[in-house]
Amino acid sequence: NQAAQRQLNCAQPQQLYSAELLRACQLLPKVELHAHLNGCVRPQTIKEILEERFRAGEALAVTEQQLKEVTVTASDRSLGKCFRLFDIIHAITTTHAAISRIACEVVRDFAADRTVYLELRTTPKSRPEYGMTKESYIEAVLQGVEQALEQLRQQRSTQPPPQPQQQQQEQESMEKQEAAMPSAQKGALATASPAEAASVPGTSAAAAAAAAASSYTSACCCPSAASIEEGLNGSGGEGGPGGCLPDVSEGQLGGGAGILVKLLLSIDRREDSRSAMETVELATRYRHRGVVGIDLSGNPSVGSWEVWQPPLAAARAAGLSITLHAGEVVAPRETAAMLAFRPDRLGHCCCLDSELGEQLRASAIPLELCLTSNLLTESVPSYPEHHFAELHAAGHPVVLCTDDSGVFGTTLSREYAIAAAAFNLPVAALHQLVRKSVEYTFASEEEKQRLRDVVERALAACI
Ligand code: 6MZ
């Protein structure tokens, strides 16, 4: 029945949130804590990298069909399929130049979406056949991040504030992107579209979504995009016209770019203890370059917790922060072990039984939640039924994240808009989500204080 409903919804183009709601969310100063580098790659970049390599006469083991699967976001994004897609992306992005380019673009994309703090995660890869070590991979990522920050700095120091016409073009391009979203996403959005909610009496989540979609925009009166842009571009200065986003980037990796970027090194669940330990050692050595922690991710059906527990304990002993992907599929024994380990944050936790849910709430461990990812990978049945609703209502610490913005065709602003509409969140709740997310970062206390100031001033301009 649910599958039939999903199919029905997929045929409907209505969306859950309005363009105004999306725009309001684009103006929020946001914090991204769960974004995988290669999952955030622009589809066009994958195409271009592959074309370049074909032109250079390289014989890569990637078929036309596989390329299409990666670059056409309307295709299936079930969990199994996602991990096959990551393998295809990894088969294409084997050079240091490709890794740097992707890192640079990902940072720029988040900055353009008004992310003021980005904790980007990636799995260091040892690929001797391409002359790549885990260390040279990390260097390539850092080079890309630094290049992006330099470009952002230059842009901010030289560009005049965008003119209204430019604003209009930006909006139109955003709307085009929306139109190109995966059909499954549109369908899922339509699950709780105001029109449909009205036609399904007694569906409280749907009714809430309808109410949110209709009430939000009238309640929110953010400053004009132009006034925020002035701030971002430095022309307004701190506390300038319209209450702008001041510089947040005096810290490591920032230096005037308007975004603070940190790295998490991921351990892929396919890795053995030795390989995981190598990643932990590298993370420790690269702390001075902005590496703040370790993530455990990868196909949740692969590997066993006992393999990674010792390297993760070593990471903790070395002072690194730890976040674990947990409960993306039903795995009660593993999820219990992960909760008992008490990581600093957890990702997903979609498939917890009531006992584990209780343990999670008692733990008060902050949770990175990725609405669109969980929906498209079929870890949750619909947006309104996402566990965000229950946890947020219970006061559990949660932060909205994108996971793989390229693979799932989303943005952080869009995830905020979806949350606002699906869970009937008023403006004040969105602001509170942003504020709280600063507290869950792995940034230093000094950096957090700077971020708090930036976020407060930017939010004050949004009231
Ligand atoms: C678990 C995921 C993931 O590391 O090559 N990754 N792991 N669950 C998910 N939910 C959809 N999405 C991404 O980025 C790609 C890698 O991130 C992990 C997988 O290990 C994937 O290979 P990097 O930059």
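What you see is a predicted model; the values in this text were computed from it and never measured.

K.L.:
Looking at this model, I keep getting lost on the overall build of the protein. Mind explaining?
P.N.:
When its secondary structure is counted, the protein shows 22 helices and eight strands. The buried share among the 463 residues of the protein stands at 51%. Considering only contacts in the protein between residues 6 or more positions apart, those separated by 24 or more positions represent 73%.

K.L.:
Would you mind showing me how to read the site of the ligand here?
P.N.:
Lining the immediate environment of the ligand, one finds 18 residues, of which Leu 37, Asn 38, Phe 86, Thr 122 and Thr 123 sit closest. Residues that form the shell around the ligand fall into these classes: three nonpolar, 11 polar and four charged.

K.L.:
Is there a simple way to think about the environment of Ala 257 in this case?
P.N.:
Position of Ala 257 relative to the elements: it lies in the loop between helix H12 (225-232) and strand E3 (260-268). The exposure class of Ala 257 is buried, given the 25 C-beta atoms found within 10 Å. C-alpha separation for the pair Ala 257 and Gln 154, spaced 103 residues apart in sequence, amounts to 8.0 Å.

K.L.:
What am I meant to see in the pairing of E3 here?
P.N.:
Each regular strand displays side chains that alternate between the two surfaces of the sheet. Counted residue by residue, E3 has nine buried out of nine residues, so it is predominantly covered. The two faces of E3 match: Leu 260, Lys 262, Leu 264, Ser 266 and Asp 268 on one face and Val 261, Leu 263, Leu 265 and Ile 267 on the other face are all buried. One ladder, built from six bridges, connects strand E2 (residues 115-122) with E3; its direction is parallel. Its bridge partner lying in E3, Thr 122 is registered against Leu 265. Judged from the six bridges that link them, E3 and strand E4 (residues 291-297) form a sheet pairing that is parallel. Looking across to E4, one finds that Leu 263 is bridged to Val 291.

K.L.:
When you look at the sheet that holds strand E7 (residues 367-369) in this model, what are you seeing that I'm missing?
P.N.:
Read from one edge of the open sheet, eight strands run E1-E2-E3-E4-E5-E6-E7-E8, paired in parallel fashion. At either margin of the open sheet sits one strand with a lone partner, and together these are strand E1 (30-36) and strand E8 (398-400). Going across the sheet, the axis of each strand differs from the next one's by a mean of 25°, ignoring polarity. Bridge count between E4 and strand E5 (residues 321-326): four bridges; the pairing is parallel. Note on E5: the bridge partner recorded for Leu 296 is Leu 324.

K.L.:
Would you mind showing me how to read helix H6 (residues 96-112) here?
P.N.:
An α-helix turns once per 3.6 residues; consequently, residues spaced three or four apart project the same way. Spanning 17 residues, H6 covers 24 Å between terminal C-alpha atoms, matching the ideal 24 Å at 1.5 Å per step. Most of H6 sits out of view: 12 of its 17 residues are buried. Buried residues along H6 sit against E1, helix H3 (43-55), E2, helix H7 (134-158) and E3. Two residues or fewer after H6 comes Arg 114, characterised by a positive phi angle close to 60°.

K.L.:
It is not clear to me how the nonpolar core should be interpreted in this structure. Could you clarify?
P.N.:
A general feature of soluble globular proteins is that nonpolar side chains tend to end up buried together. Core analysis: the largest hydrophobic core is formed by 114 residues, its most contacted members being Val 107, Ile 259, Ile 294, Ala 419 and Ala 420. Per-element accounting of this core gives the leading share, nine residues, to H6. Contacts of Ala 419, omitting those with residues within four sequence positions, involve Leu 371, Phe 388, Leu 400 and Leu 425.

K.L.:
Whenever I open this one, the confidence of the model for the protein confuses me. Can you help?
P.N.:
Low-confidence regions, as indicated by low pLDDT, have predicted coordinates that should not be scrutinised in detail. For the protein, per-residue confidence averages 81 on the pLDDT scale, and residues scoring 70 or more make up 76% of the total. This model gives residues 3-14 a pLDDT under 50, and the stretch forms 15 contacts once residues within four places in sequence are excluded. Here residues 180-253 scores under 50 on pLDDT; set against residues more than four positions off or in separate chains, the count is 180 contacts. For this predicted complex, the interface score ipTM comes out at 1.00, alongside a pTM of 0.83.

K.L.:
What is the right way to look at unusual backbone geometry in this model?
P.N.:
Keep in mind that most residues, glycine aside, have a negative phi and that most peptide bonds are trans. For Arg 114, which is not a glycine, the phi torsion comes out positive at approximately 60°. A positive phi is found at Cys 349, a non-glycine position, where the angle reads about 50°. When you line up the elements, Cys 349 lands in the loop between strand E6 (345-348) and helix H16 (354-363).

K.L.:
Before we go on, may I ask you to explain the packing of helix H15 (residues 332-341) against H16 in this structure?
P.N.:
Angle between the axes and distance between the axes are the two parameters that describe a pair of packed helices. Where H15 meets H16, the axes come as close as 11 Å, and the angle between the chain directions of the two elements is 15°. Overall, the two elements H15 and H16 adopt an arrangement that is roughly parallel. For H15 against H16, the interelement crossing comes out left-handed. Listed contacts from H16 to Pro 332, Thr 335, Ala 336 and Leu 339 of H15 are Leu 356, Gln 359, Leu 360 and Ser 363.

Cut-off values and rules
Residues numbered from 1 in each chain as written. Predicted model: local features only at pLDDT ≥ 70, side-chain atom pairs only at ≥ 80, totals over all residues. Helix = DSSP H or I, 4+ residues; strand = E, 2+ residues; numbered from the N terminus. Buried ≥ 20, exposed ≤ 12 C-beta atoms within 10 Å, placed from the backbone. Contact = placed C-beta atoms within 7 Å. Near = placed C-beta within 6 Å. Nonpolar A, V, L, I, M, F, W, Y, C, P; charged D, E, K, R; others polar. Pairing = 2+ DSSP bridges. Axes fitted to C-alpha atoms, helices over the stretch in contact; angles between N-to-C directions. Expected span 1.5 Å × (residues − 1). Core = buried A, V, L, I, M, F, W, Y, C linked by C-beta atoms within 7 Å. pLDDT = per-residue confidence, 0-100. Parallel < 35°, antiparallel > 145°, perpendicular 65-115°, else oblique. Left-handed = near helix turned anticlockwise from the far one by under 90°.

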